[in-house]
Amino acid sequence: MEVNYCMSCGSPMETRDVDGTSRRACTRCSFVHWGNYSVGVGALVVRDGKMLLVRRAQEPGKGNWTNPGGYIEQHELIHDTIRREVLEEAGIEAEVQRIVAVRDQPRNVHNVYLAFEMKYIGGEPRADGVEVDAAGFFSLEEMASMQVASFTRWLVDVAMSEGNGGLSEDMEPVVPLNGYGLFRK
């Protein structure tokens, strides 16, 4: 989809060279459309050696078991998004431990997906009845006979692998940066 009108002032857009790349730019103000991007997040919550999964009730992936997750909201910190999504989709309270995997998927809407290791805090799995129609904690043996999405199978391997790698939230950065979500090793 081509951007025809400026999202800042409403004027017509034109294609012009911006730093060696053809971009849609406003004919009136300084607005440049840099592309279409989305950032998704996913939760890897393990309790008693079992992984939290939800079954998709909507497309894409209807009927597949996946880890809870979703897309960040414009004015929401990423770690707040993933806590909210786990609670909304599965009824589970969990806290972010670290980012343990990243997927980069260039396409019409370039998608970046961050997978978070999360600590189970409380609650019993319950589906929201809208986005997902089932939720539960499952062992690797149980998952073998379930319709688990391929990317989720990869994430299950990440979650169940030993090691403490990944990026943790920096709660006390050396320089105060209010409003930032900062993660570091």
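Residues numbered from 1 in each chain as written. Predicted model: local features only at pLDDT ≥ 70, side-chain atom pairs only at ≥ 80, totals over all residues. Heavy atoms only, no water.

Regarding the packing of aromatic side chains
Between two aromatic rings, the relevant description is the distance of the centres plus the angle of the planes.
Here comes step 1: Counted under the stated rule, the structure contains 5 aromatic pairs.
Here comes step 2: Between Y113 and F151, the ring centres sit 5.1 Å apart and the planes meet at 80 degrees, which makes this aromatic pair edge-to-face. Of the two residues, Y113 sits in strand β9 (residues 110–122) while F151 sits in helix α3 (residues 150–160), which places them 38 residues apart along the sequence.
Here comes step 3: Both rings, one in F151 and one in W154, keep their centres 5.8 Å apart while their planes meet at 20 degrees; by these two values the pair is stacked. Taken together, the residues F151 and W154, both in helix α3 and 3 residues apart, mark about one turn of the helix.
Here comes step 4: Residue W154 is classed as partly exposed on the basis of its relative accessible area of 42%.
Here comes step 5: Each residue in the set Y113, F151 and W154 is aromatic and connected to the rest through ring pairs, giving one cluster.
Here comes step 6: Taking NZ or CZ as reference, R47 lies 5.0 Å from the ring centre of Y120, over its face.
Here comes step 7: Its guanidinium or amino end placed over the ring of F151, R103 lies 4.5 Å from that ring's centre, counting from NZ or CZ. (Phe/Tyr/Trp six-rings, centres within 6.5 Å; stacked < 30°, edge-to-face > 60°. Helix = DSSP H or I, 4+ residues; strand = E, 2+ residues; numbered from the N terminus. Buried < 20%, exposed > 50% of the residue type's maximum accessible area, 1.4 Å probe, protein only. Lys NZ or Arg CZ within 6 Å of the ring centre and 35° of its normal.)

Topic: the side chain of R56
Here comes step 1: Relative to the helices and strands, R56 is located in strand β5 (residues 50–56).
Here comes step 2: Look at R56: it is buried, it has no salt bridge, and the nearest opposite charge is E131 at 4.5 Å.
Here comes step 3: At 3.1 Å, the side chain of R56 forms a polar contact with the backbone oxygen of P60.
Here comes step 4: Excluding residues that lie within four positions of it along the chain, R56 makes contacts with G61, K62, G63, N64, T66, E131 and D133. (Lys, Arg positive; Asp, Glu negative; His and termini not counted. Salt bridge = Lys/Arg side-chain N within 4 Å of Asp/Glu carboxyl O. Polar contact = N/O pair within 3.5 Å; in protein donor to acceptor, adjacent residues only side chain to side chain. Contact = heavy atoms within 4.5 Å.)

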